[in-house]
Amino acid sequence: MMVSEEPNLPNTFVKLYYMLQEMKPANTESGVPVLHSAKEGCKPKKFTPDEVLVPNPSFKENQGMKRKIQPGSLSIYELERLENIRQNQVFLSSIKLLEAKQDLKPEKTQRGLKRQNNKVAWTEILPPRTKSLRIQKKEAERLPLPPEPHRIYYEVERIERARKPEGPISMEPINMEEDSSLPPELLKLWTEDLIQEEKEELGLGEYRSTLKSMELSEIGGVAKVVKSRIFSVAFHPCSSRLLMAAGDKLGGVGLWNLDSDMGDEGVLLFEPHVQPVACMAFSRSHPTDLLTLSYDGTLRSTDVEKAVFDEVYRIKDGLRTFDFLSHDCSTLVTGDWYGDVAIVDRRTPGTSHESLHSLDTKTVRCVHVHPVQKQYIMVAENSIVSIYDARCLKASSTEPVSQLYGHSKSISSAYFSPGTGNRVVTTCLDNIRIYDTSELTSRAPLLTSIQQNLYTGRWLSKLQATWDPKRDDCFVVGSMQRPRRVQVFHESGQLQHSFQDPEITTVLSVTAFHPTRNALLGGNASGRLYVFTD
């Protein structure tokens with residue numbers, strides 16, 4: 001006589017075993033096993049509506065027990081489980097643990113610009129449906145092909161309709177009440193007399209220690225300064241407080257005083273442009289002068305004393321970059337998306353250029369002037385960086401003094417070292433390169449190449465390596481690595497420090513060092529600024 005032993009299987013298989021046993025008919029007749037077909041032995045059992053399938057409380061201890069069907073009631077196991085839940089809730093309520101948990105949660109507040117709810121209920125009105133000429137049994141009209149469009153970066157007609165009128169624009173913060181005047185503390189800080197302190201340059205080890213001491217402030221180190229993606233940032237050169245400026249994709253310019261309550265927790269927002277503010281800089285000779293350049297074809301100067309944005313230069317569209325060509329910052333050089341470089345003299349009445357020069361390139365991505373020999377202008381072209389002599393610029397086809405080769409992809413920026421101009425750092429999609437420009441030969445020698453992931457995509461501003469104004473051998477650049485960070489490199493390619501913080505969850509594409517203080521600024525694609533200070 002065969003004896004069937006119940007298998008010692010895991011719980012899942014034990015459940016399946018017992019369910020099959022319930023559905024299988026008797027398998028013995030007169031002590032002799034009877035084989036059944038699979039179709040006959042696997043007929044499902046029909047349950048009545050008032051019967052409930054009750055799980056076995058413990059399959060390890062009661063593997064020999066079969067599952068039972070109890071009409072309309074809970075099993076002993078489920079009743080014990082509900083009682084345990086009730087007792088746990090009573091205990092948690094007695095020690096007030098849930099209330100303490102709510103008290104420990106920090107309130108999520110956003111420093112800077114407040115979120116605006118601009119949702120408006122609207123109903124879409126569909127136009128009447130029209131029948132095609134084929135359904136109407138009419139012949140199609142023969143229309144001529146439109147002319148090929150002229151190469152433009154933005155739609156000129158749309159910009160002409162949208163951009164600000166010519167001349168000065170009133171400096172009214174859009175995040176304050178209408179007809180509000182500028183806060184007096186901004187005027188006081190903006191016009192502060194700068195104290196020129198001659199400091200000895202730190203050794204590389206001391207400089208590295210200083211970078212490690214700089215941290216993101218727990219209270220107030222992050223603020224939303226503009227509405228959209230940040231394209232450019234700058235530090236005001238005053239040393240008593242940290243005053244920062246940022247330009248965004250929508251043409252807004254935001255000012256942030258770190259230790260102030262003016263505006264929205266220290267933030268004032270203006271709209272002097274209608275397209276991305278691609279470049280901005282404070283005048284080195286007149287720190288009260290902030291110049292902002294936009295894709296809409298305008299270059300404006302911020303005059304806080306008069307509370308206006310003066311217009312310095314104006315073209316149809318496509319301005320991309322600028323720099324100061326003279327030591328007193330009265331002469332400027334600008335570059336546009338069409339490969340043209342213009343010389344602008346601010347002392348000349350009007351908003352036109354003194355001279356316009358077409359280079360042998362499709363576009364000008366960055367221009368930078370030598371810090372000592374101001375006649376040399378460096379232009380970042382497609383995949384080559386060229387250095388020109390401003391005194392020898394022609395209307396077209398100017399021969400460069402020196403060129404920097406090696407990049408295989410588009411170059412986003414190129415900058416002389418701030419002290420001597422003996423080094424040039426270039427940023428490309430493939431890597432970062434440092435060149436020796438102590439002697440301007442026809443082909444500048446390459447010193448170092450740093451492999452970096454610089455592919456930002458279309459939704460982030462391009463990463464650009466910029467020098468620390470206090471040093472001639474170290475520069476800062478954002479990073480695509482995770483966790484998010486900002487990195488400082490030596491000209492030899494050695495990493496000096498990585499700024500990381502749990503608050504940094506996005507890529508800080510645009511970065512800048514303070515000219516005198518130990519402070520670092522980074523901007524992201526949502527309009528927020530991050531400040532690291534010692």
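Residues numbered from 1 in each chain as written. Predicted model: local features only at pLDDT ≥ 70, side-chain atom pairs only at ≥ 80, totals over all residues. Heavy atoms only, no water.

Visitor: How would you summarise the nonpolar core if you had to cite specific residues and measurements?
Guide: Ranked by size, the top nonpolar core spans 29 residues in total, and within it Met378, Leu404, Val425, Ile432 and Phe475 carry the most contacts. Sorting the residues of this core by element identifies strand E21 (376–380), strand E22 (385–389), strand E24 (411–416), strand E25 (423–428), strand E26 (431–436) and strand E29 (474–478) as the ones contributing at least two each. At four residues, E24 tops the list of elements feeding residues into this core. Residues within four places of Phe475 in sequence aside, it is in contact with Val425, Ile432, Ile434, Ile450, Ala465, Thr466, Trp467, Asp468, Gln487, Val488, Phe489 and His490. Judged by nonpolar contacts, the second largest core, of 21 residues, contains Leu182, Leu186, Leu243 and Leu290. (Core = buried A, V, L, I, M, F, W, Y, C linked by side-chain atoms within 4.5 Å. Buried < 20%, exposed > 50% of the residue type's maximum accessible area, 1.4 Å probe, protein only. Helix = DSSP H or I, 4+ residues; strand = E, 2+ residues; numbered from the N terminus. Contact = heavy atoms within 4.5 Å.)

Visitor: Describe the sheet that holds strand E27 (residues 446–451), and please don't skip the residues or the numbers.
Guide: Within the open sheet, the four strands sit side by side as E24-E25-E26-E27. Their pairing is antiparallel. The open sheet is flanked by E24 and E27, the only strands paired with a single partner. Across the sheet, the axes of successive neighbouring strands diverge by a mean angle of 15 degrees, strand direction being ignored. Pairing geometry for E26 and E27, over five bridges, is antiparallel. What sits directly across from Asn431, in E27, is Gln451. (Pairing = 2+ DSSP bridges. Axes fitted to C-alpha atoms, helices over the stretch in contact; angles between N-to-C directions.)

Visitor: Describe the pattern of salt bridges, and please don't skip the residues or the numbers.
Guide: In total, this model carries 14 salt bridges according to the counting rule given. Close ionic contact of Asp436 with Arg423 constitutes a salt bridge, the shortest N to O distance being 3.1 Å. With a gap of 13 residues between them, Asp436 in strand E26 and Arg423 in strand E25 connect regions that are remote in the sequence. Like Arg423, Asp436 is buried. Among the ionic contacts, a cluster of salt bridges with common partners joins Glu166, Arg300, Glu311 and Arg314. (Salt bridge = Lys/Arg side-chain N within 4 Å of Asp/Glu carboxyl O.)

Visitor: Go over a nonpolar patch on the surface with me, naming the residues and quoting the values.
Guide: A grouping of Leu74, Leu79, Leu82 and Ile85 is seen on the molecular surface, where their side chains present a nonpolar patch of about 340 Å² in accessible area. For Ile85, the location among the structural elements is in helix H3 (residues 76–95). (Patch = residues over 30% accessible without salt bridge, like charges linked within 9 Å, V, L, I, M, F, W, Y side chains within 5 Å. Areas by Shrake-Rupley, 256 points an atom, 1.4 Å probe, with all protein chains shown as cover.)

Visitor: Summarise the packing of aromatic side chains; cite the residues concerned and give the values.
Guide: Counted under the stated rule, the structure contains eight aromatic pairs. Taking 6.1 Å as the distance between ring centres and 85 degrees as the angle between the ring planes, the aromatic pair formed by Phe231 and Tyr295 counts as edge-to-face. You can see Phe231 sitting in strand E8 (residues 230–235) and its partner Tyr295 sitting in the loop between strand E13 (289–294) and strand E14 (298–303), a full 64 residues away along the chain. Taking the relative accessible area as the measure of exposure, Tyr295 reaches 5% and is therefore buried. Considering the side-chain rings of Phe322 and Phe324, the 5.8 Å spacing of their centres and the 85 degrees angle between planes classify their relative orientation as edge-to-face. Taking relative accessible area as the criterion, Phe322 reaches 5% and is therefore assigned buried. Relative accessible area serves as the criterion here: at 1%, Phe324 is assigned to the buried category. The rings of Phe231, Tyr295 and Trp337 are connected pair by pair, giving a single aromatic cluster. When the ring centre of Trp459 is taken as reference, the NZ or CZ atom of Arg458 above it lies at 4.5 Å. Over the face of the ring belonging to Tyr207 we find Arg471, whose NZ or CZ atom lies 4.5 Å from the ring centre. (Phe/Tyr/Trp six-rings, centres within 6.5 Å; stacked < 30°, edge-to-face > 60°. Lys NZ or Arg CZ within 6 Å of the ring centre and 35° of its normal.)

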